[in-house]
Amino acid sequence: MTDATLAAAPRRPFAVRHPSVLIFLACLAAFTLCVTILAEGFGIGVISTSFVKTLGKTLCLCLVALAMDLVWGYCGILSLGHMAFFGIGGYAIGMWLMYARTELIVIESLSAAALPPTPQEISDGIATQIFGVVGASEFPPIWAFAHSLPLQLAFVVIVPGILALVFGWLAFRSRVTGVYLSILTQAMTLALSLYLFQNDSGLRGNNGLSGLQNLPGLDDVPQSAVSLWFFWASALALGLGYILCAWLVSGKFGSVLRAIRDDEARVRFLGYPVEAFKLVVFTLTAIIAAIAGALYYPQAGIINPAEIAPIASIYLAVWVAIGGRGRLYGAVIGAAFVSLLSTWFTGGQAPDVNLGFYTIQWVDWWTVLLGLSFVAVTLFAPKGIGGLFDLLADRKSPDRHGADLGPDQGALREKEADA
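Residues numbered from 1 in each chain as written. Predicted model: local features only at pLDDT ≥ 70, side-chain atom pairs only at ≥ 80, totals over all residues. Heavy atoms only, no water.

Caption draft 1: Expanded view of the overall build of the protein chain. Scanning the protein chain from terminus to terminus reveals 16 helices and 4 strands. Within the protein chain, the fraction of its 419 residues that count as buried is 43%. Long-range contacts, defined here as pairs at least 24 residues apart, represent 73% of the contacts in the protein chain between residues at least 6 apart. Here the protein chain displays about 21700 Å² of accessible surface, and carbon together with sulfur accounts for 66% of that area. (Helix = DSSP H or I, 4+ residues; strand = E, 2+ residues; numbered from the N terminus. Buried < 20%, exposed > 50% of the residue type's maximum accessible area, 1.4 Å probe, protein only. Contact = heavy atoms within 4.5 Å. Areas by Shrake-Rupley, 256 points an atom, 1.4 Å probe, with all protein chains shown as cover.)

As structure tokens, this is what we get:
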């Protein structure tokens, strides 16, 4: 086959070239359908509403794990700050949810007055209701657009995107790499969480934002239905996020990312703008993490600064490592596996183990077990759970025994083993 023939040959569709994406989407669709049928909202009620919310939150964690795998597993940037972007997305949507819900409550309470309330009285009432817990009665400047859902949805993308862009530009242009970059991202996360713990941060300090599970104007809709709506939205976001990440890593862009991960200096020597590639990936994954957070916290019902603490980002790295770094499906498996297992152990469902001289209570020992699992995977199974698929597929190098080494029929042939 000549070069002209190769150039004229039609390029196969993305899904055909990457059947693993279709397999993942089919599994996700089947899982979503099964949960819908078994849920209380529209199905037969086998799965409780609280567990549907748990599954929806798990899908959101799988999405942020995808982002972590893209920036760490493929580009080699061990970010210990991506859960900060996750939390920013939650705060952005949480501000609107809390404002709109409180507005309805205040309007209803003032409707019995002799004179109709003025807009200023309604605004003052909303501010008192929201910030009275921290001794304030006025809206901070960052709440200027909390009344607008479109703007707050835009902030879900804009705020973490700008923060990641500025931080990444400063770090990458200074050639900060390796453990030093990880420390910088962790310092950024710690600074943000400490700031949010203050009452004058404008986000109610340690109290955080609560009541986020109640959608404004939908008080008559049961939580069983609302939980399914968010579950569907989380599944859709995970599916689209997986397609986007798979598309990015499948082409030349993905090849450059892997090269940067393996030998950044050589890629820079070849003339590629390494800093630009790293900045694009860091910013894009920050936005993906924020979208995941915007879907997660309405299902959790509350967000506070503890959710943005550096330990949360460390947990995220552990999930990806256990699932299999450098495999998108591995990141999803790791996040789902550890998240659901954590819910089982910390929810009091795991039975205590009585050793006679000591009783192991998994609520207290779960983090120790998770840490030991991370060490074991790092030492003995660096490919993680996702590496099991390699064994099942029994991947082997192609058998080219005596085959042509190139498109030209006159190319050199491999020597026969028995020659």
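Caption draft 2: Looking closely at unusual backbone geometry. In this structure, Arg175 takes a positive phi of about 60° despite not being glycine. By secondary structure assignment, the location of Arg175 is in the loop between helix 7 (149-173) and helix 8 (178-196). Backbone geometry at Arg204 places phi at a positive 65°, although glycine is not the residue there. Looking at where Arg204 falls in the secondary structure, it is placed in the loop between helix 8 and strand 1 (209-210).

Caption draft 3: Focus on the nonpolar core. Of all hydrophobic cores here, the largest spans 112 residues; its most connected members are Leu66, Phe85, Phe86, Trp143, Leu209, Leu238 and Leu328. Sorting elements by how many residues they give to this core places helix 4 (residues 49-74) first, with 16 residues. (Core = buried A, V, L, I, M, F, W, Y, C linked by side-chain atoms within 4.5 Å.)

Caption draft 4: Representation of the pattern of salt bridges within the structure. Counted under the stated rule, the structure contains 6 salt bridges. Arg266 is paired through a salt bridge with Asp263; the nearest N and O atoms lie 3.9 Å apart. The class for Asp263 is partly exposed, based on a relative accessible area of 33%. With its nearest N and O atoms 2.9 Å apart, the salt bridge here joins Glu264 to Arg268. Of this pair, Glu264 and Arg268 are both found in helix 11 (residues 264-269), 4 residues apart, which corresponds to roughly one turn of the helix. (Salt bridge = Lys/Arg side-chain N within 4 Å of Asp/Glu carboxyl O.)

Caption draft 5: Structural view of helix 15 (residues 362-380). Here helix 15 has its buried residues at Trp362, Trp366, Leu370 and Val377. Buried residues along helix 15 sit in contact with helix 13 (310-323), helix 14 (328-346), strand 3 (353-354) and strand 4 (359-360).

Caption draft 6: How the structure looks around the packing of helix 7 against helix 12 (residues 274-300). Their axes nearest at 8 Å, the elements helix 7 and helix 12 cross at an angle of 150°. As judged from the angle between their axes, helix 7 and helix 12 are roughly antiparallel. Taken as a pair, helix 7 and helix 12 cross one another with a handedness that is right-handed. Note on element contacts: helix 12 touches helix 7 through Glu275, Lys278, Leu279, Phe282, Thr283, Ala286, Ile287, Ala290, Ile291 and Ala294, opposite Val156, Val157, Pro160, Gly161, Ala164, Leu165, Phe167, Gly168, Trp169, Phe172 and Arg173. Residue classes in the contact of helix 7 with helix 12 are distributed as 15 nonpolar, 3 polar and 3 charged. (Axes fitted to C-alpha atoms, helices over the stretch in contact; angles between N-to-C directions. Parallel < 35°, antiparallel > 145°, perpendicular 65-115°, else oblique. Left-handed = near helix turned anticlockwise from the far one by under 90°. Nonpolar A, V, L, I, M, F, W, Y, C, P; charged D, E, K, R; others polar.)

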